[in-house]
Amino acid sequence: MTSAGTNDGASTTGSTEPWTVLRLLEWTTNFFKSKGSDSARLDAEVLLAHARDCQRIQLYTSFSEVPTDEQRIAFRELVRRRGDGVPVAQLVGFKEFYSIAIRVDENVLVPRPETEHLVVGALDEIKRLQLQVTDRPLRVLDIGTGSGAIVIAIAKNVSSVSVSPGVEITAVDVSLPALDIAKWNVEKHKLAEQITLLQSDLFDSLDSEARFDVIVTNPPYVSQSEYDELPPTVKDHEPKGALLSGPTGMETIERILNDSPAYLNPGGRLMIELSPMIAQACEKLAQATGHYSDIELLKDLAGHQRILSVQVR
């Protein structure tokens, strides 16, 4: 960042026009566009709001204001790092997911809007099952919880679909640093009594007698060839283990499909987020196990097959 990052902007551009909020946003938006960002204006607004310690919407009533030198210095550094490819969510330390602020860092995936469909599906399934299971809490498992975004969204919204005796949630991840972030988020949202966190490589650390009614997961599903082509903003700043599955991208999903029946109650449902490019192949994997019925691929808002939803026999 050049003009917006100098002492007063004028020394670089020769202009005496003040660096107002609006001018900073316009300059930064163009800068991010030149770096290939497809959300340049949003990125600029989120970073400037963070530097000014205000809500993004407050920028719209502050266009004519001139940020302080301290705010501009902080903003300049954020813009520089964003220009180098660091995700905005990591720069500000959080990402909004399902209208909930989720803390993130380099140890967890930044929650994507597509994953909200997994939450919607899980809540719908919880509502359906609670019409059938009335003598005990429903039990939900999240495999590869990362930041905890999925289970936190489920827990905070389950009251709108849930009836007594409620829902018990377990979330597992193989990464201890990821679980530290999940723990922070769970405690921040006062959900520690509802969500149990456990270090586990998929099902490995679960009690062999554990049974769940709903299993949700956003597992690694990127193939090696896809991983090699990922943009630096993802490849260089988000955990490889949460992205790369193997040569085909289906290795982790196949393990989950094979192992889930032993941990699902009869009639329980498994919901897996996946890449549209492997959706049909994963559907065939589910069919080949012989353990599932009501196998369907759910589409996201863009019309892409995004979630494999199966019911154990």
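The preceding data block contains the structure.
Residues numbered from 1 in each chain as written. Predicted model: local features only at pLDDT ≥ 70, side-chain atom pairs only at ≥ 80, totals over all residues. Heavy atoms only, no water.

1. Some details on the overall build of the protein
Along the backbone of the protein there are twelve helices and eleven strands. When the backbone C-alpha atoms are referred to their principal axes, the protein occupies close to 70 × 45 × 35 Å. Long-range pairs, those at least 24 residues apart, make up 68% of the contacts in the protein with a sequence separation of at least 6. Surface exposure of the protein reaches about 14900 Å², of which carbon and sulfur atoms provide 49%. Within the protein, the 44 negative side-chain charges are centred at a point lying 3 Å from the centre of the 31 positive side-chain charges. (Helix = DSSP H or I, 4+ residues; strand = E, 2+ residues; numbered from the N terminus. Contact = heavy atoms within 4.5 Å. Areas by Shrake-Rupley, 256 points an atom, 1.4 Å probe, with all protein chains shown as cover. Lys, Arg positive; Asp, Glu negative; His and termini not counted. Charge placed at Lys NZ, Arg CZ, Asp CG, Glu CD.)

2. Things to note about the environment of Ile 126
Examined against the element boundaries, Ile 126 turns out to sit in helix H6 (residues 116–129). What makes Ile 126 buried here is its relative accessible area of 0%. C-alpha of Ile 126 to C-alpha of Arg 269: the two residues are 143 residues apart in sequence and 9.7 Å apart in space. (Buried < 20%, exposed > 50% of the residue type's maximum accessible area, 1.4 Å probe, protein only.)

3. A look at the sheet that holds strand S9 (residues 264–273)
Reading across the sheet, the seven strands line up as S5-S4-S3-S6-S9-S11-S10 and stay open at both edges, with mixed pairing between neighbours. The open sheet is flanked by strand S5 (195–199) and strand S10 (292–299), the only strands paired with a single partner. Direction aside, neighbouring strands of the sheet carry axes that sit 15 degrees apart on average. In this sheet, S9 lies alongside strand S6 (residues 212–217) in parallel orientation, the contact comprising five bridges. Each residue of the ladder has a partner; that of Thr 217, found in S9, is Ile 272. Together, strand S3 (138–143), strand S4 (167–173), S6, S9, S10 and strand S11 (305–312) form the strand contacts of H6, whose direction differs from that of S9 by roughly 165 degrees. On top of the sheet, helix H12 (residues 279–289) reaches S10 and S11; it is set at about 170 degrees to S10, its chief contact. (Pairing = 2+ DSSP bridges. Axes fitted to C-alpha atoms, helices over the stretch in contact; angles between N-to-C directions.)

4. Here we look at the side chain of Arg 23
Residue position: Arg 23 is located in helix H2 (residues 21–34). In this structure Arg 23 comes out as buried when scored by relative accessible area, which is 13%.

5. Considering the pattern of salt bridges
Throughout the structure, instances matching the rule amount to 16 salt bridges. Of the charged contacts in the structure, one is a salt bridge between Arg 269 and Asp 294, with a shortest N-O distance of 2.5 Å. Here Arg 269 is found in strand S9, whereas its partner Asp 294 is found in strand S10, with 25 residues between them in sequence. With relative accessibility at 4%, the residue Arg 269 sits in the buried group. Salt bridges sharing common partners tie together Glu 125, Arg 128, Arg 269 and Asp 294. (Salt bridge = Lys/Arg side-chain N within 4 Å of Asp/Glu carboxyl O.)

6. Overview of the side chain of Arg 306
With respect to the helices, strands and loops of the structure, Arg 306 is situated in strand S11. A relative accessible area of 11% means that Arg 306 is categorised as buried. Other than its neighbours up to four places away in sequence, Arg 306 contacts Glu 114, Tyr 221, Ile 272, Glu 273, Leu 274, Ser 275, Pro 276, Leu 298, Lys 299 and Asp 300.

7. A few points about the nonpolar core
Counting residues in hydrophobic clusters, the biggest one holds 36 residues, and the most contacted among them are Ile 126, Ile 154, Ile 169, Ile 195 and Val 216. Within the residue set of this core, elements represented by two or more residues are strand S2 (100–103), H6, S3, helix H7 (149–157), S4, helix H8 (176–188) and S6. If we skip the residues at most four places from it in the chain, Ile 195 touches Val 151, Ile 152, Ala 155, Ile 169, Ala 171 and Val 186. Phe 203, Leu 274, Ile 278 and Cys 282 belong to the second largest nonpolar core, which has 28 residues in total. (Core = buried A, V, L, I, M, F, W, Y, C linked by side-chain atoms within 4.5 Å.)

8. Notes on the pairing of S3
Of all the six residues making up S3, five are buried; the element is thus mostly covered by neighbouring parts of the structure. Relative to S4, S3 runs parallel, the two sharing six bridges. From the neighbouring strand, Leu 141 faces S4, where its bridge partner is Thr 170. Direction of pairing for S3 relative to S6: parallel, over a ladder of four bridges. Residue Ile 143 lies in a different strand from S6, and its bridge partner there is Thr 217.

9. Some details on helix H3 (residues 40–52)
Look at H3: 18 Å from first C-alpha to last across 13 residues, which is about the 18 Å you get at 1.5 Å a residue. Residues of H3 that are buried: Ala 40, Asp 43, Ala 44, Glu 45, Leu 47, Leu 48, Ala 49, Ala 51 and Arg 52. Its buried side turned inward, H3 meets H2, helix H4 (69–83) and helix H5 (88–92). Asp 53, located one to two residues past H3, shows a positive phi value of around 55 degrees. (Expected span 1.5 Å × (residues − 1).)

10. Describing the packing of H3 against H4
Their axes nearest at 8 Å, the elements H3 and H4 cross at an angle of 145 degrees. The chirality of how H3 crosses H4 is right-handed. Contacts from Asp 43, Ala 44, Leu 47, Leu 48, His 50, Ala 51 and Arg 52 in H3 reach Gln 71, Ala 74, Phe 75, Leu 78, Val 79 and Arg 82 in H4. A per-class count over the contact of H3 with H4 returns eight nonpolar, two polar and three charged. (Left-handed = near helix turned anticlockwise from the far one by under 90°. Nonpolar A, V, L, I, M, F, W, Y, C, P; charged D, E, K, R; others polar.)

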